[in-house]
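Survey of secondary and tertiary structure
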Amino acid sequence: MARPSTTPLRIAGAAAGGIPVAPHVAAHLAAFADGDERVIGELAIALTPEQLRGAAVLPDPLPLVPSARSSTLDHIRTAERRLLLFAALDPDVPLGELLDAAGVEIDVLLFGEPHEILRIDGGQARFTDERIRAQVIHDSTRAERRPVHEALARTAMRSGRAPAAARHMVAADPRRQSELTVPLLVHADALLAAGDSAEAHRVAGLVARAGGDAALRAWITAAVGALWTGAFDDASDAVRNALRIDSGEALLQDLVRLLDLMRSGPTELFYSAEETGFIYRALATSTRNIADRALMMQLGQVYTAAYRDVRVSDALHARALLASASLDDPSWSPHAAAHLAASQTTALVLAGELDMAAHLIARTAPRLPLAHPGGGVTASYVRACLGRAPGLDEELARAFERIGPTSPMRFDPELARTLFPERVSERAAAASAMSPSEAQSASLRPAPLPAESLSPRQHDVLELLLRGLSNREIGAHLSVSHRTVEVHATQLLRKYGVATRSALLALHAATVR
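What you see is a predicted model; the values in this text were computed from it and never measured.

**Digging into helix H15 (residues 250–264)**
Within an α-helix, residues lying three or four positions from one another point in the same direction, as the helix has 3.6 residues per turn. With 15 residues, H15 ought to run about 21 Å at 1.5 Å a step, and its terminal C-alpha atoms sit 22 Å apart, in line with that. Taken together, the buried positions of H15 are occupied by Leu-252, Leu-255, Leu-258, Leu-259, Leu-261 and Met-262. Summarising the contacts, the buried residues of H15 are in contact with helix H13 (215–229), helix H14 (232–245), helix H16 (273–286), helix H19 (334–350) and helix H21 (373–384). Positioned one or two residues after H15, Gly-265 has a phi angle of 80°, which is positive.

**With respect to a nonpolar patch on the surface**
A cluster of nonpolar side chains, Ile-106, Leu-110, Phe-111 and Ile-120, forms an exposed patch at the surface whose accessible area comes to about 390 Å². Per element, the largest residue contribution to the nonpolar patch is 3 residues, and it comes from helix H7 (residues 106–111).

**Focus: the pairing of strand E1 (residues 118–121)**
As paired elements, E1 and strand E2 (residues 124–127) share 4 bridges and run antiparallel to each other. Directly across from Ile-120, in E2, lies its bridge partner Ala-125. The hairpin turn running from E1 into E2, its antiparallel successor, is 2 residues long, and Gly-122 in that turn takes a positive phi close to 60°.

**Description of the packing of helix H5 (residues 78–89) against helix H8 (residues 130–139)**
Interaxial distance between H5 and H8 falls to 9 Å at its minimum, and their mutual angle equals 110°. Here H5 is positioned roughly perpendicular relative to H8, judged by the angle of their axes. Along the contact surface, H5 presents Leu-84, Leu-85, Ala-88 and Leu-89, while H8 presents Arg-133, Val-136 and Ile-137. Partitioning the contact of H5 with H8 into residue classes produces 6 nonpolar, no polar and 1 charged.

**Notes on the nonpolar core**
Judged by nonpolar contacts, the single largest core of 112 residues is most densely connected at Leu-227, Leu-258 and Met-296. Ranked by residue count, the leading element in this core is H13, at 11 residues. Setting aside residues up to four positions removed in sequence, Leu-227 forms contacts with Phe-232, Ala-235, Leu-255, Leu-258, Leu-259, Leu-283, Ser-286 and His-335. With 26 residues, the next largest nonpolar core counts Leu-73, Leu-98, Leu-99 and Ala-102 among its residues.

**Considerations on the confidence of the model for the protein chain**
Counting all residues, the mean pLDDT for the protein chain is 85, and 88% of those residues have values of 70 or more. Segment residues 416–447: pLDDT under 50, and 49 contacts once partners within four positions in sequence are set aside and those in other chains are kept.

**Observations regarding the pattern of salt bridges**
Enumeration over the complete set of coordinates arrives at 27 salt bridges. The partner of Arg-119 in a salt bridge is Asp-121, with the nearest N and O atoms 3.7 Å apart. With a relative accessible area of 36%, Asp-121 lands in the partly exposed category. A single network of salt bridges, built from pairs that share partners, joins Asp-34, Asp-129 and Arg-131.

**Thoughts on the side chain of Ser-67**
Mapped onto the secondary structure, Ser-67 falls in the loop between helix H4 (49–52) and H5. A distance of 2.6 Å separates the side chain of Ser-67 from the side chain of Glu-42, its partner in a polar contact.

**Re the packing of aromatic side chains**
Using the criterion set out here, one finds 1 aromatic pair in the structure. In this structure, Arg-257 packs its charged tip against the face of Phe-278, placed 4.3 Å from the ring centre.

**Let's talk about unusual backbone geometry**
With an omega of 0°, the peptide bond running from Asp-60 to Pro-61 counts as cis. Mapping Pro-61 onto the fold places it in the loop between H4 and H5. Here Asp-34, not a glycine, exhibits a phi torsion of approximately 55°, which is positive. Mapped onto the elements of the fold, Asp-34 is located in the loop between helix H2 (23–33) and helix H3 (37–46). For Ser-479, which is not glycine, the phi torsion reads 60° and is therefore positive. Within the secondary structure, Ser-479 is located in the loop between helix H27 (471–478) and helix H28 (482–496). By relative accessible area, Ser-479 is classed as exposed at 67%.

**Observations concerning the environment of Arg-398**
Here Arg-398 shows up in helix H22 (residues 394–403). In sequence terms Arg-398 and Arg-383 are 15 residues apart; their C-alpha atoms lie 9.2 Å from each other.

Thresholds applied
Residues numbered from 1 in each chain as written. Predicted model: local features only at pLDDT ≥ 70, side-chain atom pairs only at ≥ 80, totals over all residues. Heavy atoms only, no water. Helix = DSSP H or I, 4+ residues; strand = E, 2+ residues; numbered from the N terminus. Expected span 1.5 Å × (residues − 1). Buried < 20%, exposed > 50% of the residue type's maximum accessible area, 1.4 Å probe, protein only. Contact = heavy atoms within 4.5 Å. Patch = residues over 30% accessible without salt bridge, like charges linked within 9 Å, V, L, I, M, F, W, Y side chains within 5 Å. Areas by Shrake-Rupley, 256 points an atom, 1.4 Å probe, with all protein chains shown as cover. Salt bridge = Lys/Arg side-chain N within 4 Å of Asp/Glu carboxyl O. Pairing = 2+ DSSP bridges. Axes fitted to C-alpha atoms, helices over the stretch in contact; angles between N-to-C directions. Parallel < 35°, antiparallel > 145°, perpendicular 65-115°, else oblique. Nonpolar A, V, L, I, M, F, W, Y, C, P; charged D, E, K, R; others polar. Core = buried A, V, L, I, M, F, W, Y, C linked by side-chain atoms within 4.5 Å. pLDDT = per-residue confidence, 0-100. Polar contact = N/O pair within 3.5 Å; in protein donor to acceptor, adjacent residues only side chain to side chain. Phe/Tyr/Trp six-rings, centres within 6.5 Å; stacked < 30°, edge-to-face > 60°. Lys NZ or Arg CZ within 6 Å of the ring centre and 35° of its normal.

Structure representation (structure tokens):
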């Protein structure tokens, strides 16, 4: 019997005639369908092969397939259905602006019929069921949508949100695209900076397809949005369109090479030092998101340092993990979060903590484009960790192998012995030998526990290590020498059964968040 997280993969793949389906796409379909297998199957047929693979940005909302239609709206009055249309056309509009644009009081939301369809969440009105949002939009006519977009645009302008207003103006009258190019591109840039790369791709695409003087900038922005969504086919299409306008643009040349390298994976066991450095430089250069850029710069230092000194690389890795926000932080773009998840998984796998790595994969596979970071190494990690977390099985491994690069990387204890400290490789080999039944009997700890109890001073050092302080900074904080801190840190690693700080940090990150 398929485990819950891979059931949508099986259903979508079967409905689409065996077309590869990305795990995060299958999970998105399942969330939209509320687990209804008929809806998942119909959606898989309605979407393109590129969208199913995660190579193209999904439409928003997803198509209203026949099985997704609800009778909930059948008895909603015209005025209240109009309020639902306002909320459907701009799901991110602040609640006050929504009520102002629609010309209704909040009592309608709290006590009227829409209160069962919309919930107030973080100062916004959200649909409790995305299928109903899709139905509201699908069943409306262009004549009905136009005045709604115009009212939303007026309210956004009064609130000082000119870029958002421009989007509604163009939706109301597409002929205004050329005059609204600047605010639309400002809006797309703001979306990129906030991590909403998919919507940035859609907005920039509006400008790009209209042509004109801003087409080059718009195609580049659309390409960057698709890249940071993980939609590499859409990114390549946008890059090709931009190159037709200016074939000498340096960023476009870098994007071509970056996409080729990430799609194909390494030709040897790993990318070369030059390729690794280029990939992370190009990623850092292309993003408009500060957190994404900082992470890519840090990971570039981590992985290029590994070619010179593994212990230096580990120290950098620990700092990168500490400096990064939680994987659940909404400010990450999907592709950046995928790189962070792959990096955390790498630290856990190399530490032999395959049960922790398995739970991390199971948690992130349904929502992140994990196929390409690390040259397709996620598929190998899944196979190494099979049976160690609910939802982790062969189907997930096959899905990553079908949509990602063919990675020569495999979890190999012999390789670990040559590249990493002895204690790490010993634990990795032991964990690899665990049978699935043994692994499944171990419950996920609420927090990692050391093999031996910690002294009060070691507790102090651990707390400061987890805050990212260096040995000297910890020593100053505790009024001891940095060499004393070094002794305590070494004992901490021994008691936790890991050889590196990055493994210790990844162990905590995987269990306490």
